[in-house]
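Survey of secondary and tertiary structure
Listed here are the chains, written in short residue letters.
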Amino acid sequence: MNLTAKQQAILDGAKGETMAKVMKTLVMYGQIFGAEKMVPVTSQYNHLVTSFGLKALGPVYDLMNQLIDAGAVSGQKFSVDPRPLDPKVPANFLQNLVFKKFMYSKQDFYEGQLRQLGLKDEEAFSCACYLDEQGNRPKKGEILSWAESSAVVYANSVLGARCNRNSGIMDLMGSIAGFVPYFGLLTDEGRKATWIIRVETTKKPEAQLLGSAIGMKVMEDVPYVMGMTKWLGTELDEAACAYLKDFGAATASNGAVGLYHIDVLTPEAKEQGTDLIVPDAKVYVIDDAELQRVKDNYPLVWKNPNAKPKLCFVGCPHLSLQQLQDWTERLEQSLKAAGRQKVCIPTVFTTAPGVKKAFESSPYGGRLAATGVILSCICPLMYMNNPLCGPMPVITCSNKLRTYTTARYYTEEEILMKITKGGNPQ
Amino acid sequence: MREFHGRVIAPGCATAPALVSHGGLNTLASFQKALQFGDKQATCGDQNNPDLYGKQMAGKALCLPQTIGSTTGGLVLYCACSMHRQPACLLFSNPIDSLAAAGSVLAAVWLDNVQMPVVDCLGDEFLAYVRDGMTITIGENGLVRVE
């Protein structure tokens, strides 16, 4: 790799042993992918994936301490994924004991480390940091050192920023050095599509189901998706962005997609069209039957498949303001039709702190609260990531949550019926 | 017995029984329970991976196309190495992905006395040939013997 004199000096120890190791980490990482140079990180803020003070992550805290002690802190302020705990989210005595005394006993300590390393502010905990209310929204063409699979794929695909699927810790290394190795999704060549996805469904496909199907098929390749115009239009309005947020999260968690293009909608597809597709691209056709096949193949790991759900999570990744408003209206209508005032399954909607504040200060806040739904900024994945939640029948419309936990996946319409009427859609 | 040549990502020699995943390894989903709850054998917890679910990964020659899923993946591998619950080696049929690469590099640079040889680009034929329990030996220069 060709390093500048400044980069070489850091590697040689001019800024101390720890900074030399940071640079060595980035150089070795880049060399694996044939990177010939480092490029400056140009975004205003970074985003880190590791927000949880899991007792089991001792090696990470040790590494963070090495960085802090050496003054090797982030050159940028950063946002970070959601916190794992919220007292408002239902948990029994035993769960609370396990969460606070065992699993997340290092939460306060780790948040202290994050502050020392460059945490943006106390409200900066969300996987959807790019939402307007959260204020970490990179511009087209900017180079990022982010992690968090759903945020990386959104930044690349919807915002047109450039970021590889960096791992936790590696995200911080790039920000400390101020450089990242130039390879993969940072390059024009790496952003070409190697798959054509033809969507031929008879109705608007569920975002998280379509994303799941594509992620499982293309793994880490770049898909160019055609056939979505009649469902999403040609402008990135709030509805389209919310759809793509959920779609992308499923492509990234069910596969390893870091960038997708939507024909005549996402920035690079609008500019370059089908020129983005490599000549020998593979083709995957998705129709109603294919989506059903994918959904039917999800494993059900509940001990009792007919158990009555004890908890429902909506909002992984975090819900946008418009999604919260839409859900509130749908809940009200469905509850009214069912002759109920409140949801019949304990339900938690999760969103970013900035969105929560905006939502609760609007009339919608009270209306959602009246339905009995709890609004939280928790990470549902981290909440469920314990042995006590394993046997608990939890339902969700998040394919990401389904992937990492025992939560059972249903479409949004199915979830609506279950939490308002206790049954399935007619 | 067959031999396959790949690219060395992390050097080292190892002999271990094979454990094969034909789909992508979701690192977080696979290792999270093992790291949290003291399972030294690193039993795979990924319900979506029928090849690995419920099988012990520590000390095995893990053969796979690539890793997928959460970007905590590299950090999870790093922690597995630090806790000595890592596979004996990682053998990728595809070019390595950015998350597995990060885990390998972080372990190499920031941990002492940890060995997890990594070889990639072994080809589809490698993954088609190797079966659970076969003996894998990694030699010099990315030579992988399967018997």
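For the structure itself, consult the block above.
Notes on the structure in this doc start here. (Residues numbered from 1 in each chain as written. Chains lettered and ligands numbered in written order. Predicted model: local features only at pLDDT ≥ 70, side-chain atom pairs only at ≥ 80, totals over all residues. Heavy atoms only, no water.)

**Focus: the overall build of chain B**
Let me state the cut-off plainly: To qualify as a helix, a DSSP run of H or I must reach at least 4 residues; to qualify as a strand, a run of E must reach at least 2; elements of each kind are numbered from the N terminus. Note that the radius of gyration is over C-alpha atoms, with the globule rule given as 2.2 Å times the number of residues to the power 0.38. Only protein chains enter the accessibility calculation, which uses a 1.4 Å probe; a residue is then buried when its area is under 20% of its type maximum, exposed when over 50%, and partly exposed in between. By definition in these notes, contact holds between two residues if any of their heavy atoms fall within 4.5 Å. Note that accessible areas follow from Shrake-Rupley with a 1.4 Å probe, and for residues the cover is restricted to the protein chains shown. Charged residues are defined here as Lys and Arg on the positive side and Asp and Glu on the negative side; His and the ends of the chain fall outside this count. The location of each charge is read from NZ of Lys, CZ of Arg, CG of Asp or CD of Glu.
When helices and strands are tallied, chain B shows four helices and 10 strands. Shown N-terminal to C-terminal, the secondary structure of chain B runs as helices and strands in the order β-β-β-β-α-β-β-α-β-α-β-α-β-β. Taken against the 2.2 N^0.38 rule, which gives 15 Å for 147 residues, the C-alpha radius of gyration of chain B at 13 Å falls within 12% of a compact globule. Taking all 147 residues of chain B together, the buried fraction comes to 60%. Long-range contacts, defined as pairs at least 24 residues apart, comprise 81% of the intrachain contacts of chain B with a sequence gap of at least 6. For chain B, the exposed surface amounts to about 5100 Å²; the carbon and sulfur share of it is 49%. Here chain B holds 9 positive side-chain charges and 12 negative ones, and the gap between their average locations is 6 Å.

**Things to note about unusual backbone geometry**
The step from Cys316 of chain A to Pro317 of chain A runs through a cis peptide bond, and the omega angle for that step is 10°. The phi dihedral of His84 of chain B is positive, around 60°, even though this residue is not glycine. Following the sequence through the fold, His84 of chain B ends up in the loop between α2 (73-82) and β7 (89-92). On the accessibility criterion, His84 of chain B (54% relative accessible area) is exposed. Of note, the phi angle at Cys121 of chain B is positive, near 60°, even though the residue is not glycine.

**Examining the interface of chain B and chain A**
Going by this rule: Buried area is understood as the total, over both parts, of accessible area removed when two parts are fitted together, assessed with a 1.4 Å probe. By definition, a salt bridge exists where a carboxyl oxygen of Asp or Glu is found within 4 Å of a side-chain nitrogen of Lys or Arg. Between N or O atoms, a polar contact is any pair within 3.5 Å; within protein, one atom must be a potential hydrogen donor and the other a potential acceptor, and residues adjacent in sequence are included only when both atoms are from side chains.
The interface of chain B with chain A comprises 40 residues on the first partner and 48 residues on the second. Interface area lost by chain B to chain A is led by Gln47, Thr71 and Trp110 of chain B, which between them contribute 21%. There are zero salt bridges connecting chain B and chain A. For the pair chain B and chain A, the interface holds 18 residue pairs in polar contact (both at pLDDT 80 or more). Every element with two or more residues in the side of chain B that touches chain A is listed here: β2 (7-10), α1 (27-36), β6 (67-68), α2 and α3 (98-110) of chain B.

**What to know about the side chain of Lys245 of chain A**
Residues and elements named next belong to chain A. Its place among the elements puts Lys245 in helix α10 (residues 238-254). Within the local environment of Lys245, its side chain forms a polar contact with the side chain of Asp246, the two groups lying 2.9 Å apart. Setting aside residues no more than four positions away along its own chain, Lys245 makes contact with Ala128, Tyr130, Tyr154, Pro317, His318, Leu319, Ser320 and Gln323.

**Side note on the pairing of strand β3 (residues 14-20) of chain B**
Residue and element names in this part refer to chain B. The line we're drawing: At least two DSSP bridges between two strands are required for those strands to pair.
By the criterion of burial, β3 is predominantly enclosed, with five of the seven residues buried. In the sheet, β3 pairs with strand β9 (residues 135-138) via four bridges, with the strands oriented antiparallel. When the sheet's bridge partners are listed, Ala16 is paired in β9 with Ile136. Of the strand pairs in this sheet, β3 and strand β5 (residues 61-64) are connected by three bridges, and their pairing is parallel. Counterpart to Val20 in the pairing with β5 is Cys63.

**Focus: the pattern of salt bridges**
Residues and elements named next belong to chain A. Inspection of every chain in the model, using the stated rule, returns 22 salt bridges over all chains. Glu111 serves as the salt-bridge partner of Arg83, at 2.9 Å between the closest nitrogen and oxygen. Here Arg83 is found in the loop between β3 (78-80) and α4 (93-103), whereas its partner Glu111 is found in helix α5 (residues 107-117), with 28 residues between them in sequence. Arg83 sits in the partly exposed class, given a relative accessible area of 26%. Lys295 is paired through a salt bridge with Glu414; the nearest N and O atoms lie 3.2 Å apart. Of this pair, Lys295 sits in helix α12 (residues 288-296) while Glu414 sits in helix α18 (residues 412-421), placing them 119 residues apart in sequence.

**What about the nonpolar core?**
How we decide: To form a nonpolar core, buried Ala, Val, Leu, Ile, Met, Phe, Trp, Tyr and Cys residues must be joined to one another through side-chain atoms within 4.5 Å.
Of all hydrophobic cores here, the largest spans 96 residues; its most connected members are Leu67, Phe313 and Tyr383 of chain A together with Phe31 and Trp110 of chain B. Sort the elements by how many residues they give to this core and α3 of chain B lands first, with eight residues. Each residue touching Phe31 of chain B, except ones within four places of it in the same chain, is listed here: Leu25, Ala42, Met57, Val76, Leu77, Ala80, Arg85 and Pro87 of chain B. Ranked by size, the runner-up nonpolar core spans 66 residues in total, among them Leu209, Leu331, Ala352 and Leu375 of chain A.

**Some words on the state of the cysteines**
Residue and element names in this part refer to chain B. The line we're drawing: Counting rule for disulfides: a pair of cysteine sulfur atoms within 2.5 Å.
Within this structure, the stated rule accounts for zero disulfides over all chains. Free cysteine Cys121: the closest other cysteine sulfur is in Cys63, separated by 15 Å. Cys121 gets classed as partly exposed once you look at its relative accessible area, which sits at 35%.

**With respect to the packing of helix α13 (residues 321-338) of chain A against α18 of chain A**
All names here are of chain A. Condition: Every axis corresponds to a line fitted to the C-alpha atoms, with the helix fit spanning only the stretch in contact, and the corresponding angles, defined between N-to-C directions, vary from 0 to 180 degrees. Any angle from 65 to 115 degrees is called roughly perpendicular, while one under 35 is roughly parallel, one over 145 is roughly antiparallel, and all others are oblique. Put simply, a crossing is left-handed when the front helix is turned counterclockwise from the back one by less than a right angle, and right-handed when it is turned clockwise. Note on residue categories: nonpolar means Ala, Val, Leu, Ile, Met, Phe, Trp, Tyr, Cys or Pro, charged means Asp, Glu, Lys or Arg, and polar means any other residue, Gly included.
Packing of α13 against α18 leaves a shortest axis separation of 9 Å and a crossing angle of 50°. Compared by their axis directions, α13 and α18 come out oblique. For the element pair α13 and α18, the recorded crossing hand is right-handed. Listed contacts from α18 to Trp327, Arg330, Leu331, Ser334, Leu335, Ala337 and Ala338 of α13 are Glu412, Glu413, Ile415, Leu416, Met417, Ile419, Thr420 and Lys421. Here the residues of the contact of α13 with α18 are counted per class, giving nine nonpolar, two polar and four charged.

**Considerations on the sheet that holds strand β10 (residues 347-351) of chain A**
Residues and elements named next belong to chain A. The strand order across the open sheet built from five strands is β11-β10-β9-β12-β13, with neighbouring strands paired in parallel fashion. What marks the edges here is a single partner per strand, and that holds for β11 (374-376) and β13 (408-409). Examined bridge by bridge, strand β9 (residues 311-319) and strand β12 (residues 394-396) share three bridges and lie parallel to one another. Of the residues in β12, the one forming a bridge with Cys312 is Ile395.

**Focus: α4 of chain A**
Just so we agree on the cut-off: Here the arc refers to the directions that run from the helix axis out to each C-beta atom.
When we look at burial in α4 of chain A, the residues that qualify are Gln95, Val98, Phe99 and Met103 of chain A. For α4 of chain A, the angular spread of the buried residues around the axis is 95°, confining them to a single face. Facing away from the buried side of α4 of chain A by more than 90 degrees, the exposed set consists of Phe93, Lys100 and Lys101 of chain A. Residues of α4 of chain A that are buried in the fold lie against α16 (380-384) of chain A together with α1 of chain B. Between a side-chain oxygen at the N-terminus of α4 of chain A and the backbone nitrogen of Leu94 of chain A the separation is 3.1 Å; the capping residue is Asn92 of chain A.

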